[in-house]
Amino acid sequence: MSAGAVATLPAPAPRTQVLVSRVRFGIYTAIVAVSGMGLSELLLRPHALDPLDGTQLYAIAVLLCSSALLRVHETEGWAICIGLFALAMTCVAMERVAVLSGEVPVQGYIALVMGTAAMAPWGLRGQIGATIVVTVGYWLNVRSLPDHHVFLTSRESSSVLVAAAASLYITWILDREHAANVHELHRESTQREELERRVRERTLALSESNKALSAEVSDRRRLQDQLLLISDSFPGFLGYVDGDQRYVWVNHAYETYWRRPRTEIVGRRMSELHTPVIYRLLEEHIAQALDDSSTRTEVYSVDGLRAKVEVTVMPHRGPDGALHGFVILGLDISAREAAEEQTRRTERLAALGTLAAGIAHEINNPAASILATAEMARDSLHPTENPFLDEALTGIAKEAMRCGQIVRGILRFAREEAPLRALQPILGVVERAGELLRGELALTGASLHIDCSATPEPIAIDASGILQVVLNLATNALRAQAKVVTIRSSLRPAHLALEVIDDGRGMSTAEGSRAFDPFFTTARGNGGTGLGLSISHTIVAQHGGTIEIRSAAGTGTTVTVVLPRQSTPPLPMVAARTGT
Amino acid sequence: MNILLVEDEELLCRSLTQLLQRAGFTVVAATNATDAMTAVATFVPDILITDWLLQGDIDGIALARRLRQTAPELRVIVITGLLAATARSEIQRAGIVSVILEKPFPFADLQAAITRITQ
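Predicted, not measured: the structure shown is a model, and the values here were computed from it.

S.K.: Describe the packing of aromatic side chains, with residues and values.
M.R.: Residues and elements named next belong to chain A. Per the stated rule, a full pass over the model turns up five aromatic pairs over all chains. With 5.0 Å between their ring centres and 70° between their planes, Phe237 and Tyr254 make a pair best called edge-to-face. Taken together, the residues span a long stretch of sequence, with Phe237 in strand E1 (residues 237-242) and Tyr254 in helix H7 (residues 252-258) at a distance of 17 residues. Of the two residues, Phe237 and Tyr254, both sit in the buried class.

S.K.: Give a detailed account of the packing of helix H13 (residues 426-436) of chain A against helix H15 (residues 463-479) of chain A, specifying residues and quantitative values.
M.R.: Helices that pack against each other are described as a pair by the angle of their axes relative to one another and the distance between those axes. Residues and elements named next belong to chain A. Close contact between H13 and H15 brings their axes to 9 Å; oriented N to C, the two are set at 50°. By the angle between their axes, H13 is oblique relative to H15. Along this stretch, H13 crosses H15, giving a crossing that reads as right-handed. Contacts between H13 and H15 pair Ile426, Val429, Arg432, Ala433 and Leu436 from the former with Ala463, Ile466, Leu467, Val470 and Leu471 from the latter. Among the residues forming the contact of H13 with H15, the class breakdown is nine nonpolar, no polar and one charged.

S.K.: Requested: an account of the interface of chain B and chain A, with residues and values cited.
M.R.: One frequent convention defines the size of an interface as the accessible area lost when the parts assemble. Counting residues at the interface gives 28 residues for chain B and 27 residues for chain A. In total, chain B and chain A occlude about 2,300 Å² of area from one another, counting both sides; carbon and sulfur atoms represent 54% of this. Summed over the three residues of chain B that lose the most area to chain A, namely B:Arg22, B:Leu82 and B:Pro104, the buried surface amounts to 24% of that side. Our count for the chain B to chain A interface comes out at one salt bridge. We note a salt bridge from B:Arg22 to A:Asp379, for which the minimum N-O separation is 3.3 Å.

S.K.: Which residues make up helix H12 (residues 387-411) of chain A, and what are the values?
M.R.: One turn of an α-helix holds 3.6 residues; hence residues three or four places apart share an orientation. Here H12(A) contains 25 residues, and its C-alpha end-to-end distance of 36 Å stays within 8% of the 36 Å for a straight helix at 1.5 Å per residue. Of the positions making up H12(A), those classed as buried are A:Asp390, A:Leu393, A:Ala397, A:Ala400, A:Met401, A:Gly404, A:Val407, A:Gly409, A:Ile410 and A:Leu411.

S.K.: Break down the sheet that holds strand E3 (residues 296-300) of chain A for me, citing the residues and quoting the values.
M.R.: Residues and elements named next belong to chain A. In space, the five strands of this open sheet follow the order E2-E1-E5-E4-E3, with antiparallel pairing throughout. The open sheet has two edge strands with one neighbour each: strand E2 (247-250) and E3. With direction set aside, neighbouring strand axes in the sheet form an average angle of 20°. Two elements, E3 and strand E4 (residues 309-317), share five bridges in a ladder whose sense is antiparallel. By the bridge assignment for E4, Arg296 is matched with Val313.

S.K.: If you had to explain the sheet that holds strand E3 (residues 47-51) of chain B to someone new, which residues and values would you point to?
M.R.: Residue and element names in this part refer to chain B. Strand order in the open sheet formed by five strands is E2-E1-E3-E4-E5, with parallel pairing between adjacent strands. Looking at strand neighbours, the two that pair on one side only are strand E2 (26-30) and strand E5 (99-102), the edges of this open sheet. Geometrically, the sheet is characterised by an average inter-axis angle of 20° between neighbouring strands, direction not taken into account. Alignment of strand E1 (residues 2-6) against E3, held across four bridges, turns out to be parallel. Residue pairing for E3: Val6 is matched across the bridge by Thr50. On top of the sheet, helix H1 (residues 10-22) reaches E1, E2, E3 and strand E4 (75-80); it is set at about 170° to E2, its chief contact. On the sheet, helix H3 (residues 60-70) packs against E1, E3 and E4 and is oriented at approximately 160° with respect to E3.

S.K.: Can you explain the packing of H15(A) against helix H17 (residues 532-542) of chain A? Please cite residues and give values.
M.R.: All names here are of chain A. Packing of H15 against H17 brings their axes to within 9 Å, and their N-to-C directions diverge by 150°. On the basis of their axis angle, the class for H15 and H17 is roughly antiparallel. The interaxial crossing formed by H15 with H17 has left-handed handedness. Here Gly465, Ile466, Gln468, Val469, Asn472, Leu473 and Asn476 of H15 come into contact with H17, specifically with Gly532, Leu533, Ile535, Ser536, Ile539 and Val540. Per-class residue counts for the contact of H15 with H17 are seven nonpolar, six polar and no charged.

S.K.: Tell me about the environment of A:Thr256, and name the residues and values.
M.R.: Residues and elements named next belong to chain A. Locating Thr256 in the fold gives a position in helix H7. Placed 19 residues apart in sequence, Thr256 and Phe237 show a C-alpha to C-alpha distance of 8.4 Å. In this structure the side chain of Thr256 is engaged in a polar contact, spanning 2.9 Å, whose partner is the backbone oxygen of His252.

S.K.: Mind laying out the nonpolar core, listing which residues take part and the relevant values?
M.R.: Of all hydrophobic cores here, the largest spans 40 residues; its most connected members are A:Ile426, A:Ile466, A:Leu473, A:Leu498, A:Ile547 and A:Val561. Mapped by element, the contributors of at least two residues to this core are helix H11 (334-380), H13, strand E8 (459-461), H15, strand E9 (484-491), strand E10 (495-502), H17 and strand E12 (557-564) of chain A. Take this core: its biggest share by element is nine residues, from H15(A). Apart from residues no more than four positions distant in its own chain, A:Ile547 is found in contact with A:Leu473, A:Phe516, A:Leu533, A:Ser536, A:His537, A:Val540, A:Val559, A:Thr560 and A:Val561. Counting residues in each nonpolar core, the second largest holds 24 residues, with A:Met376, B:Leu5, B:Leu101 and B:Ile114 among its members.

S.K.: How would you summarise the pattern of salt bridges if you had to cite specific residues and measurements?
M.R.: With the rule as written, the count across this model stands at 19 salt bridges over all chains. Several salt bridges share partner residues, and in doing so they unite A:Glu194, A:Arg197 and A:Glu201 into one network.

S.K.: Please set out H1(B) residue by residue, giving values where relevant.
M.R.: All names here are of chain B. For H1, with 13 residues, the first-to-last C-alpha span of 18 Å sits near the 18 Å given by 1.5 Å per residue. Those residues of H1 that fall on the buried side of the exposure criterion are Leu12, Cys13, Ser15, Leu16, Thr17, Leu19 and Leu20. Immediately beyond the C-terminal end of H1, within one or two residues, lies Gly24, with a positive phi of roughly 105°.

S.K.: Explain the environment of A:Arg402 to me, using residue names and the numbers behind them.
M.R.: All names here are of chain A. On the secondary structure map, Arg402 appears in helix H12. Among the residues examined, Arg402 registers a relative accessible area of 34% and is labelled partly exposed. Counting along the chain gives 35 residues from Arg402 to Ala367, while the straight-line C-alpha distance between them is 9.1 Å.

S.K.: Break down the confidence of the model for chain A for me, with residues and values.
M.R.: Low-pLDDT stretches of the model should not have their predicted coordinates read in fine detail. Counting all residues, the mean pLDDT for chain A is 75, and 63% of those residues have values of 70 or more. Overall, residues 49-55 of chain A carries pLDDT values under 50, and its contacts beyond four positions in sequence, including any with other chains, amount to six contacts.

So, how was this worked out
- Residues numbered from 1 in each chain as written.
- Chains lettered and ligands numbered in written order.
- Predicted model: local features only at pLDDT ≥ 70, side-chain atom pairs only at ≥ 80, totals over all residues.
- Heavy atoms only, no water.
- Phe/Tyr/Trp six-rings, centres within 6.5 Å; stacked < 30°, edge-to-face > 60°.
- Helix = DSSP H or I, 4+ residues; strand = E, 2+ residues; numbered from the N terminus.
- Buried < 20%, exposed > 50% of the residue type's maximum accessible area, 1.4 Å probe, protein only.
- Axes fitted to C-alpha atoms, helices over the stretch in contact; angles between N-to-C directions.
- Parallel < 35°, antiparallel > 145°, perpendicular 65-115°, else oblique.
- Left-handed = near helix turned anticlockwise from the far one by under 90°.
- Contact = heavy atoms within 4.5 Å.
- Nonpolar A, V, L, I, M, F, W, Y, C, P; charged D, E, K, R; others polar.
- Buried area = accessible area lost by both parts, 1.4 Å probe.
- Salt bridge = Lys/Arg side-chain N within 4 Å of Asp/Glu carboxyl O.
- Expected span 1.5 Å × (residues − 1).
- Pairing = 2+ DSSP bridges.
- Polar contact = N/O pair within 3.5 Å; in protein donor to acceptor, adjacent residues only side chain to side chain.
- Core = buried A, V, L, I, M, F, W, Y, C linked by side-chain atoms within 4.5 Å.
- pLDDT = per-residue confidence, 0-100.

Here it is as structure tokens:
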């Protein structure tokens, strides 16, 4: 609260001022009245001045002073005035008794002056009224007495009247001054009261507004806390940057994403915080958003960013259009994109499965005809008769079989059932794959190393499915010109990991991203159908496992198959080639 | 040994008939179920080799079921181009099929199956 806001109050008119004013008035009245009477006595009856008269004068002076003093308190003044008036009337009565008994009478004007003084509280009008009442009373009293008892001579009466008149005149003058003083004092007092009232009102209003302000501050603090909590629990990074591209505020995710504490971000320029590559992107993005004054979203996918990020810039302008700053919002969309890609892949495979089921019948029947007819034709030949034809027919039969295998492979996508699983060590399956690969290994001159010593305990698997997976992966490795292929198993808390590691030519990022797509192959013309990995993926997925590829061009490939060690109860076998 | 071959693919039907005859079997071939039913009036087969999906109202399983009513010892081999898992379990539930062969198959597989079920 500032000092200037408070009115400086004038010192209140002290009550003692009123008192002094009235005392002075009383003294004046008394002095004038007594002087007037004394003077008239001296002038008119110098020879008759006796001790009694002097006493009377003092008594009168004291009474006058008292009456004037008592004007200060009106209520008490009333009582005293009535008392004085009664005293005056007592004097008249005493005088009357004294006169009637023939003794020396009391001077009657005492009553007159005392009565006059008694009316002092009512000011001039009061005194005039009192004078009239007392005079009339005195006159009526004197008239009722025998003639010889009239002691006041006409000169004496005149002196009394002069004194009374002088008293009245002085009273009038002083009363006017007094009235002016009182009026002034009253005015000051009213002003002061008004001022005090206004001060009280303003203090009250100020206190009310203080209370409201304090409530508002507390509301705002709560709102601020809520906003902070919301922004800190927001999964994306969110910040406010001023017009000079200096960070004003950032949320918790901003710290995590950019790996800096808030204190190191706030107050710094964007160009100081970010690498030149990222800052160039941001700068261009911000410039575009400011150009058309709109919210603008871009996807950042550059080195130096931990993930693919969708960044939104929202300019903040005042009502006059002036730029205050902008909000930057970033969302990591890598996971979302990966999930979308996974969904797309699943949908592609499902569509392919449906299509394959539809065409399987149409392909398998002619393939069976071709196969049987080629075999029949070959059977009709003598092997030595036409070796070329024999070879050609053998080739036709083999290719017809391959058609059937391809269709069967594709159909595995459409399989709805879980494979039949039995508990067995993974080593058995891997060794069986090694036996089946022997011919191809000899052909390529590559070597195969098997190490499954870390996982001796049985695991619930569909042996034929996993065998196919291992065969597919190892065949892929050999087709990628691997010289050494290692198949190694290891234990994870709830899983078994089977790695097929080769030192072949590896895959580029683009090839790797399509590796699971059906019919995608890098070994076209080299026996590859492009179905091996997609079939393997399906088989592993049916086991509740995952399959991952780590590869780079020129450095070989590692494919990791992760299978759960605990499996769901086995379902009936559905893929047997023959029944009994 | 008598074999009744029912297959609606004519080329396959002819080639398999040839191969089976050369292998020493007596073969009567039909391309639909009606012809097959007619054929059994004069021919008593030991083995029925039939396509599962045949043209007409009667499929291979229904045909086998009918023929088994008069010849309970009849062995049945089903050959099919489309074998969804549900179809396989349906065939197995019928309880009259000894072997299911998926097309295309080498003749050696058929011979092996015949050998196995006649032993």
